[in-house]
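These are the residues of each chain, in order.
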Amino acid sequence: MAEKHVKRKFSTSIKESFSDIGNAFVHGDYKTKLSFIVMGFGCITRKQFIKGLLYLLLEIAYILYFICFGWNYLKNFNSLGTNVLNKVWDESQQIYINTPGDNSMLILLFSIMTIFISIGFLFTYFSNIRSAYYSQLLLKEGKKLPTFKDDFKSLFNEKFHITLLSLPALGAIVFTILPLIFMILIAFTNFDRAHQPPGNLFTWVGFNNFKDIFWQNPQKSHTFSSLLSWTLVWAFFATFSNYIFGMILALMINKKGIKLKKMWRTIFVTTIAVPSFVTLLLMSKILNDLGPLNVILIEELKWIKEPIHFLTDGNLARITVIVVNLWIGIPYTMLITTGILMNIPEDIYESARIDGAGPFKIFSKITFPYMIFVTTPYLITQFIANINNFNVIYFLTGGDPKTLDYFQAGKTDLLVTWLYKLTVNDQNYSLASTIGILVFVISAIISLITYNLSSSTKKEEQFQ
């Protein structure tokens, strides 16, 4: 209900804004109408000098920015540059002299920035017109116009939300949204090792990178489909194996009659205190073909003659990373489920026992449904986090074992580690960006569908 109310209010606000602009153009006096051309004119001529001058200065600053800086990049946005770096032989100095060319990356980045600044300016421009029109209406009704001091005070009263949210919103736009759009647009270019600015230019290629991944390039298509399947399998087992075993561990520790409960919890929680990358690097050494585990099995116990390829056999390496992940993930789940188990009313269990229910029936009919109901959002979050789980794969196997079947990827690489390799090792930014977009789309679809179909959403009111 609250969400619908906010949407309705936002929609109404947009309509009112456009309605005010139209009314100002049709019914405004000459002071209001000149505000369409000279920002702040309506305020200045109605003795709101500081407010009007701020509007005017902003208009001048934007025009200067656009003419002196923004337009130089925006005019090349369609081509991302045409002049390449040129080397000219200087006979007198007997050296090559570089003549700078266009820089596609800067053109793309500053073009996006100019578009954002223009949108921000447009909002201020409309605000100037609305302000001029409201001032006209207030004077017509014989009311006093608010002074700059009144406007400033309102920022700490009825407009206090604007004061609080403006800076965080600006930070989100500059440091999150703008880079995000830049990276999304990279997916529609050929920005790779052969097109590195400033020596070379990159340009728009439309959906070619997406076509390569889906059908146009057999090796890339095979790599993407294989790694996508493995990523989903990994995410499923990494999420639910930790969840099930963590919950079983919590049930065992919380069971009546178990002694030294605090000690058992402390032992398992200790594993969390060790940074996960330290554990993973240690496990990668232990499970190496020549590592301590194989040495003990071959030389000390003489149980096997050949080393077990925990990390160098494709299928075994995938099983190994899932098993090692249990060591890291189970203690977290145990802590979470312990807290939830303690909140289940004991009366429910007593009633079930009086009715003759056994331990398995109590677990399947009471404990498990309650846990699933409460932890579904956590499970969805964990599943998506495991799709993007970089640490376990990178520190344990590095994506290895390598294979020629894949394009710049190993057998245990997830989509996110493949993306990392394409960026760092191959400098194939366009393909990496394309994979990033697809990972986001897949994660968003899975999250939205599962969350909306879950009991946590459908029976939210019943739980409360």
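Quantities reported herein were computed from a predicted structural model and do not represent experimental measurements. (Residues numbered from 1 in each chain as written. Predicted model: local features only at pLDDT ≥ 70, side-chain atom pairs only at ≥ 80, totals over all residues. Heavy atoms only, no water.)

Draft legend 1. Structural context of the overall build of the protein chain. Along the backbone of the protein chain there are 20 helices and two strands. The C-alpha radius of gyration of the protein chain comes to 31 Å, more than 25% above the 23 Å expected for a compact globule of 464 residues. With the C-alpha coordinates aligned to their principal axes, the bounding extent of the protein chain is approximately 95 × 85 × 40 Å. Looking at the protein chain residue by residue over its 464 residues, the buried ones come to 35%. Long-range pairs, those at least 24 residues apart, make up 64% of the contacts in the protein chain between residues at least 6 apart in sequence. For the protein chain, the computed accessible surface area is about 28000 Å², with 68% contributed by carbon and sulfur atoms. (Helix = DSSP H or I, 4+ residues; strand = E, 2+ residues; numbered from the N terminus. Rg over C-alpha atoms; globule rule 2.2 N^0.38 Å. Buried < 20%, exposed > 50% of the residue type's maximum accessible area, 1.4 Å probe, protein only. Contact = heavy atoms within 4.5 Å. Areas by Shrake-Rupley, 256 points an atom, 1.4 Å probe, with all protein chains shown as cover.)

Draft legend 2. Just helix 5 (residues 104-140), in detail. In this model, helix 5 (37 residues) spans 54 Å end to end at C-alpha, consistent with the 54 Å of a helix rising 1.5 Å per residue. The residue sitting at the N-terminus of helix 5 and contributing the capping side-chain oxygen is N103; that oxygen lies 3.1 Å from the backbone nitrogen of M105. Positive backbone phi, at 80°, marks G142, one or two positions downstream of helix 5. (Expected span 1.5 Å × (residues − 1). Polar contact = N/O pair within 3.5 Å; in protein donor to acceptor, adjacent residues only side chain to side chain.)

Draft legend 3. Representation of the side chain of S118. Tracing the chain through its elements places S118 in helix 5. Beyond its immediate stretch of four places on either side in the chain, S118 contacts Y62 and F66.

Draft legend 4. Here's a closer look at empty space enclosed by the protein. Evaluation of the coordinates by the stated rule reveals two cavities of 30 Å³ or more. Taken as a whole, the largest cavity encloses approximately 70 Å³ of empty space. Of all the elements in the fold, those that place two or more residues in the lining of the largest cavity are helix 10 (261-273), helix 11 (276-286) and helix 13 (314-343). Sorting elements by how many residues they give to the lining of the largest cavity places helix 13 first, with three residues. Looking at side-chain class alone, the lining of the largest cavity contains six nonpolar, three polar and no charged residues. Contributing to the lining of the second largest cavity are L228, T231, L232, I387, L415, V439, I442 and S443. Of all the elements in the fold, those that place two or more residues in the lining of the second largest cavity are helix 9 (218-254) and helix 18 (429-453). In the lining of the second largest cavity, the residues fall into six nonpolar, two polar and no charged. (1 Å grid on protein atoms, 1.4 Å probe; cavity = no way out; pocket = protein on both sides within 12 Å on 5 of 7 lines; lining within 4 Å. Points joined across faces, edges and corners; volume = space filled by probe spheres on them. Nonpolar A, V, L, I, M, F, W, Y, C, P; charged D, E, K, R; others polar.)

Draft legend 5. Structural detail: helix 15 (residues 359-387). When the terminal C-alpha atoms of helix 15 are compared, their 35 Å separation across 29 residues is substantially less than the 42 Å that a helix rising 1.5 Å per residue should span. Of all the bends in helix 15, the greatest reaches close to 60° and is centred on T375; the proline P377 follows between one and four positions later. (Bend = angle between axes of the 7 residues up to and from the residue.)

Draft legend 6. Representation of the environment of M39 within the structure. As for its position among the elements, M39 is in the loop between helix 2 (30-34) and helix 3 (41-45). Apart from the residues within four sequence positions on either side, M39 is in contact with G52, Y55, L56, E59, F121, T124, Y125 and N128.

Draft legend 7. Examining the packing of aromatic side chains more closely. Applying the stated criterion across every chain, the model contains 27 aromatic pairs. Taken together, a centroid distance of 5.9 Å and an interplanar angle of 80° make the contact between F214 and F224 edge-to-face. Of this pair, F214 sits in helix 8 (residues 208-216) while F224 sits in helix 9, placing them ten residues apart in sequence. Clustering of aromatic rings is evident, with ring pairs tying together Y62, F66, W71, F121, Y125 and F126. Directly above the aromatic system of F407 lies the positively charged group of K220, at a separation of 5.1 Å from the ring centroid. (Phe/Tyr/Trp six-rings, centres within 6.5 Å; stacked < 30°, edge-to-face > 60°. Lys NZ or Arg CZ within 6 Å of the ring centre and 35° of its normal.)

Draft legend 8. How the structure looks around the layout of surface pockets. Approximately 1800 Å³ is the volume found for the largest pocket. Of all the elements in the fold, those that place two or more residues in the lining of the largest pocket are helix 1 (2-27), helix 4 (49-74), helix 5, helix 6 (148-154) and helix 7 (160-186). With nine residues, the single largest contributor to the lining of the largest pocket is helix 5. Per-class residue counts for the lining of the largest pocket are 20 nonpolar, eleven polar and five charged. Of the volumes computed, that of the second largest pocket is approximately 620 Å³. Around the second largest pocket, the lining comprises 17 residues; the ones closest to its centre are L251, N254, K255, Y349 and R353. Those elements that provide at least two residues to the lining of the second largest pocket are helix 9, helix 10, helix 13, helix 14 (346-354) and helix 15.

Draft legend 9. Just the pattern of salt bridges, in detail. Taken as a whole and assessed by the stated rule, the structure comprises nine salt bridges. Here R130 makes a salt bridge to D20, at a shortest N to O gap of 3.0 Å. Taken together, the positions of R130 in helix 5 and D20 in helix 1 put the pair 110 residues apart, joining distant regions of the chain. According to the relative accessible area criterion, R130 is partly exposed, its value standing at 22%. Residues R353 and E350 are paired through a salt bridge, measuring 3.4 Å at the closest nitrogen-oxygen approach. Residue R353 and its partner E350 are both found in helix 14; the two are separated by three residues, about one turn of the helix. (Salt bridge = Lys/Arg side-chain N within 4 Å of Asp/Glu carboxyl O.)

Draft legend 10. Spatial organisation of the packing of helix 8 against helix 18. Between helix 8 and helix 18, whose axes approach to 9 Å, the crossing angle comes to 70°. Here helix 18 runs roughly perpendicular to helix 8, going by the angle between their axes. Residues N209, F210, I213 and F214 of helix 8 touch helix 18, and the partners they reach there are S430, L431, T434, I435, I437 and L438. Residues that form the contact of helix 8 with helix 18 fall into these classes: seven nonpolar, three polar and no charged. (Axes fitted to C-alpha atoms, helices over the stretch in contact; angles between N-to-C directions. Parallel < 35°, antiparallel > 145°, perpendicular 65-115°, else oblique.)

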